[in-house]
Amino acid sequence: MPDNALQQRVIENLLAQIDELKAENDKLRQGDVVHKGYGKLILFGEHFVVYKVPALVAAVAAYTDCTAELTSTPGVEMIDNRPAVPGYKVKKKAEQDEATELVLKHLGLDTSKQGVRLTLGGDLCAVSGIGASASSCIAIGRAVGAAMGLGLTEEQVNAAGYEGEKGYHGTPSGIDNTSACYGGILKFQRTAGDPIFEMQNLPETVGLVYASTGITASTTTVVGDVRAKKEADPKWWDDLMKRYVAVVTEGEQVLQSGDWKRLGELINENHTLCQELTVSCPELDELVDTARAAGAWGAKMSGTGRGGLMLAITPGEELTNKVAAALEAKAPQVWRTTLQ
Ligand code: MEV
């Protein structure tokens, strides 16, 4: 073979190998990316945060993930493989469908013309209070954005998640989707425009236990009831709000200083405010009392309330296990984690 023909063959072979490697790499990249949204626990400020005062929220390590495939049949096919407490998925199905449509619409996917198959999974147990709706909206936003090749920024993913949250309740503060999107511990504040949020750094980790009442609550109903009470008695509301702002202001300082004893006391005060707001319930109060009796440094309901979750501050592994064991005797599900 003449020299230049040989060179030509070598070059062609090399180019073919490069193409194969590129295709392999693309496949690996798509397969490797996990499109996820974290679960969250509100440390301070559920309900108050709707009215534009700061709140503190901690994402948990568990997340919902989503894969999205564009299909030739118009419409949405949803395969929901998330772990969940009994009844949750059935009760939330209509809201989940609406939230999904809102995310897709926001991203410009017209399901009357284009089909999409969404598969939800991950290790976050879908339960009221953990931000299961927001974590799924964020995961769907990320997965669909990638399938459509939109190259979304984190801010755009968060905006898509916020749109989805409107399917679960008309006036979300945005705290759940922001926590699901960015993770970590955030100070969050809703404003008339974009929300303000700031990552919080703790000097050391601290144990935390959270437990479910097993009751699935409706955020729309509870947020609506709080609004009605606020409008009916503005003086009562202003007084509660003043006390809450004092609690969250100090709460931010003690998180930063690592004063877990005071953190526990403030967490207890926030629970009292939730009781006065009428968003706690006997089942939550019982779990809160159980955690405190077992030695937790503080305990409160977390999230919408009237069911859902409570959390307890439990510095040290021994105390974490002791409080978790006490809660396990009463609650259908209990989780151990750390704030970090
Ligand atoms: C729900 O996780 C938190 C609420 O404050 C509602 C919201 O902030 O949108 C009850």
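Residues numbered from 1 in each chain as written. Predicted model: local features only at pLDDT ≥ 70, side-chain atom pairs only at ≥ 80, totals over all residues.

> Please clarify how the site of the ligand should be interpreted in this entry.
The environment of the ligand is made up of 14 residues, and the closest members are Glu 46, Pro 172, Ser 173, Gly 303 and Thr 304. Mapped onto the shell around the ligand, the elements with two or more residues apiece are α5 (175-182) and α6 (219-232). Counted by class, the shell around the ligand contains six nonpolar, six polar and two charged residues. Domain assignment of the residues forming the shell around the ligand places at least three in each of domain 1 (34-199) and domain 2 (206-339). (Near = placed C-beta within 6 Å. Helix = DSSP H or I, 4+ residues; strand = E, 2+ residues; numbered from the N terminus. Nonpolar A, V, L, I, M, F, W, Y, C, P; charged D, E, K, R; others polar. Domains from an automatic or database assignment.)

> Any chance you could explain the nonpolar core here in plain terms?
Soluble, globular proteins show a tendency: their nonpolar side chains are buried together. Core analysis: the largest hydrophobic core is formed by 92 residues, its most contacted members being Ala 55, Val 144, Val 209, Ala 291, Met 310 and Leu 327. For this core, the two domains that each supply at least three residues are domain 1 (34-199) and domain 2 (206-339). Excluding anything up to four places from it in sequence, Val 209 contacts Ala 291, Leu 311, Ala 312, Thr 314, Thr 320, Val 323, Ala 324, Leu 327, Val 334 and Arg 336. (Core = buried A, V, L, I, M, F, W, Y, C linked by C-beta atoms within 7 Å. Buried ≥ 20, exposed ≤ 12 C-beta atoms within 10 Å, placed from the backbone. Contact = placed C-beta atoms within 7 Å.)

> I tried to follow the domain arrangement of the chain on my own but got confused; where do I start?
Often, the extent of an interface is quoted as the loss of accessible area on bringing the components together. Under the domain assignment, the chain is made up of domain 1 (34-199) and domain 2 (206-339). Each of domain 1 and domain 2 has a C-alpha centre, and the two are 23 Å apart. Taken residue by residue, the interface counts 31 residues in domain 1 and 33 residues in domain 2. Put simply, the parts of the chain that give the side of domain 1 that touches domain 2 at least two residues each are β1 (35-44), β2 (55-71), α2 (88-106) and β5 (185-189). Broken down by element, the residue count for the side of domain 1 that touches domain 2 peaks at five residues, all from β2.

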